[in-house]
Amino acid sequence: MKNLKLGFAACLTAAFLFSGCSKDDNESGDQQRLLLSVERIQKDKDGNITGTSKTENKYDSQGNCIESITETTKENGFSQQEKTLKKYDGQGNLLESETYVDDVLSSKDIYTYEGNVETHESTTYLRGTTISSSKQIITYTDSNRDKIKTSVTTMNFDNSTSVTKQETSYDKDGKVEMIVTFENDELTQRVVFNRDVDTQTHYLYFSDGKTDESKSYTLTITYSGNKQTSQFEYFDGKKVENESITTFNSDNRQTGSESYENGRLVRKMTDFVYNGKVESFTTYYYSDPNSTEPTMTIYSTYTYNK
């Protein structure tokens, strides 16, 4: 697995269900390390299996994921298959993606590219009927499409239309300086980055343009060895501190991770095993503030092509 600095606000359902396709972008074709399958077993606090999932991925000769199938089961007998099919152009740009749930089309995405502009059109379906659609136009600073300048998303849902616009500015070194978000032409959020002290100030606004102090905050991220600390200081005086400690072995492979919120353990990853193409680990989640026992455990196994 790639070594990552782990965040704290993990979506547990998405973490359990989503596996996706993975490759090392620094390699090409059959030299890439590709994620072939992911298997997960979820258990409750009493050790009972509450769900399982298995994802299998297929790739083209360039290492682009062209098919991903996830089989999911739940303790109540529910089972579901989700299949995603993707198409690319000769440069590896994604052109089309279709997702089927139990062989019924649930969403379709189409991507087009012209110079420094990328357009993404998405449609979701329910039993053959369109329930929502969106069009996102992303303008990059140049034709390499590395840095986003603006993003405009028009969403149609339930006979209503909303438009979200995001503008990103950069400093002289090319680092993000500020991100401003508008909802239907009203300013809703402004994020200012201060690289000197590694802080981000998030301003969220009411519809009348005034700052919402209960949601606006300054985020300060600091690193010390294998520890990352995120300090949230809200405008109304509330403070939240999150901490993540990640350990690695002599081969720079992850051997463990612990995440804390205000000093309380909320997630622990351990029991990492690396056996050739197969990697496995166990993740414990602690959602009950009154107990030191895990409320959910997920056993994960990743299989690569090499």
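Residues numbered from 1 in each chain as written. Predicted model: local features only at pLDDT ≥ 70, side-chain atom pairs only at ≥ 80, totals over all residues. Heavy atoms only, no water.

A closer look at the overall build of the chain
How we decide: Each helix corresponds to a stretch of at least 4 residues labelled H or I by DSSP, and each strand to a stretch of at least 2 residues labelled E; elements are numbered beginning at the N terminus. Computation of the radius of gyration draws on C-alpha atoms, with the globule rule given as 2.2 Å multiplied by the number of residues to the power 0.38. Note on contacts: a residue pair qualifies if any of its non-hydrogen atoms lie within 4.5 Å across the two residues.
If you tally the helices and strands in the chain, you get one helix and 20 strands. Radius of gyration (C-alpha) of the chain: 22 Å, near the 19 Å computed for a compact globule of 306 residues. Within the chain, counting contacts between residues at least 6 apart in sequence, those at least 24 apart form 23% of the total.

Considering unusual backbone geometry
Residue asparagine 252 is not a glycine yet carries a positive backbone phi of 65°. Its location among the elements puts asparagine 252 in the loop between strand 16 (239-248) and strand 17 (254-261). Of note, the phi angle at asparagine 262 is positive, near 50°, even though the residue is not glycine. Its location among the elements puts asparagine 262 in the loop between strand 17 and strand 18 (264-275).

So, the pairing of strand 18
The line we're drawing: The rule for pairing is simple: two strands pair if DSSP sees at least two bridges between them.
Summarising the sheet, strand 17 and strand 18 pair through five bridges and their orientation is antiparallel. What sits directly across from glutamate 261, in strand 18, is arginine 264. Linkage of strand 17 to strand 18, two consecutive antiparallel strands, is achieved through a turn of two residues, within which asparagine 262 is found at a positive phi near 50°. Two strands pair when backbone bridges link them, and strand 18 and strand 19 (residues 278-285) are joined in this way by seven bridges, in the antiparallel orientation. Within strand 19, the residue paired with valine 273 across the bridge is serine 280. The turn linking strand 18 back onto strand 19 is made up of two residues, and glycine 276 within it adopts a positive phi angle of 65°.

Regarding the pairing of strand 5 (residues 94-101)
Bridging between strand 4 (residues 79-88) and strand 5 involves seven bridges; their strand directions are antiparallel. In the strand pairing of strand 5, tyrosine 88 is matched with leucine 94. The antiparallel hairpin formed by strand 4 and strand 5 contains five residues in its connecting segment, where glycine 92 sits at a positive phi of about 85°. The sheet contact formed by strand 5 and strand 6 (residues 104-114) spans six bridges and is antiparallel. Within strand 6, the residue paired with tyrosine 100 across the bridge is leucine 105.

Regarding the confidence of the model for the chain
Any segment with low pLDDT has predicted coordinates that should not be analysed in fine detail. To be explicit about the condition: Confidence of the predictor in every single residue is expressed as pLDDT, which spans 0 to 100.
With 91% of its residues at a pLDDT of at least 70, the chain reaches an overall mean of 91. In the predicted structure, residues 1-18 sits below a pLDDT of 50 and forms 48 contacts with residues beyond four places in sequence or in another chain.

Describing the side chain of glutamate 279
Filter applied, for reference: Burial classification: accessible surface area is computed with a 1.4 Å probe over protein chains only, and a residue below 20% of its type maximum counts as buried, one above 50% as exposed, and the rest as partly exposed. The definition of a polar contact used here is a pair of N or O atoms within 3.5 Å, where within protein one atom must be able to donate a hydrogen and the other to accept one, and adjacent residues in sequence count solely through side-chain atom pairs.
One can find glutamate 279 in strand 19. Residue glutamate 279 is classed as buried on the basis of its relative accessible area of 1%. Polar side-chain contacts of glutamate 279 include one of 2.7 Å to the side chain of arginine 33.

Some points on the environment of threonine 301
Structurally, threonine 301 can be placed in strand 20 (residues 296-304). Placed 187 residues apart in sequence, threonine 301 and glutamate 114 show a C-alpha to C-alpha distance of 40 Å.

Focus: the nonpolar core
Across soluble globular proteins, nonpolar side chains have a tendency to be buried as a group. Cut-off, in case you're wondering: Here the nonpolar core consists of buried residues drawn from Ala, Val, Leu, Ile, Met, Phe, Trp, Tyr and Cys, with membership extended through side-chain atoms lying within 4.5 Å.
Among the nonpolar cores identified, the biggest contains 10 residues, and these are Leu34, Leu35, Val38, Tyr59, Cys65, Met269, Phe272, Phe281, Tyr302 and Tyr304. Elements with a minimum of two residues in this core: strand 1 (35-44), strand 18 and strand 20. Tyr217, Leu219, Phe232 and Tyr234 belong to the second-largest nonpolar core, a separate cluster that totals five residues.

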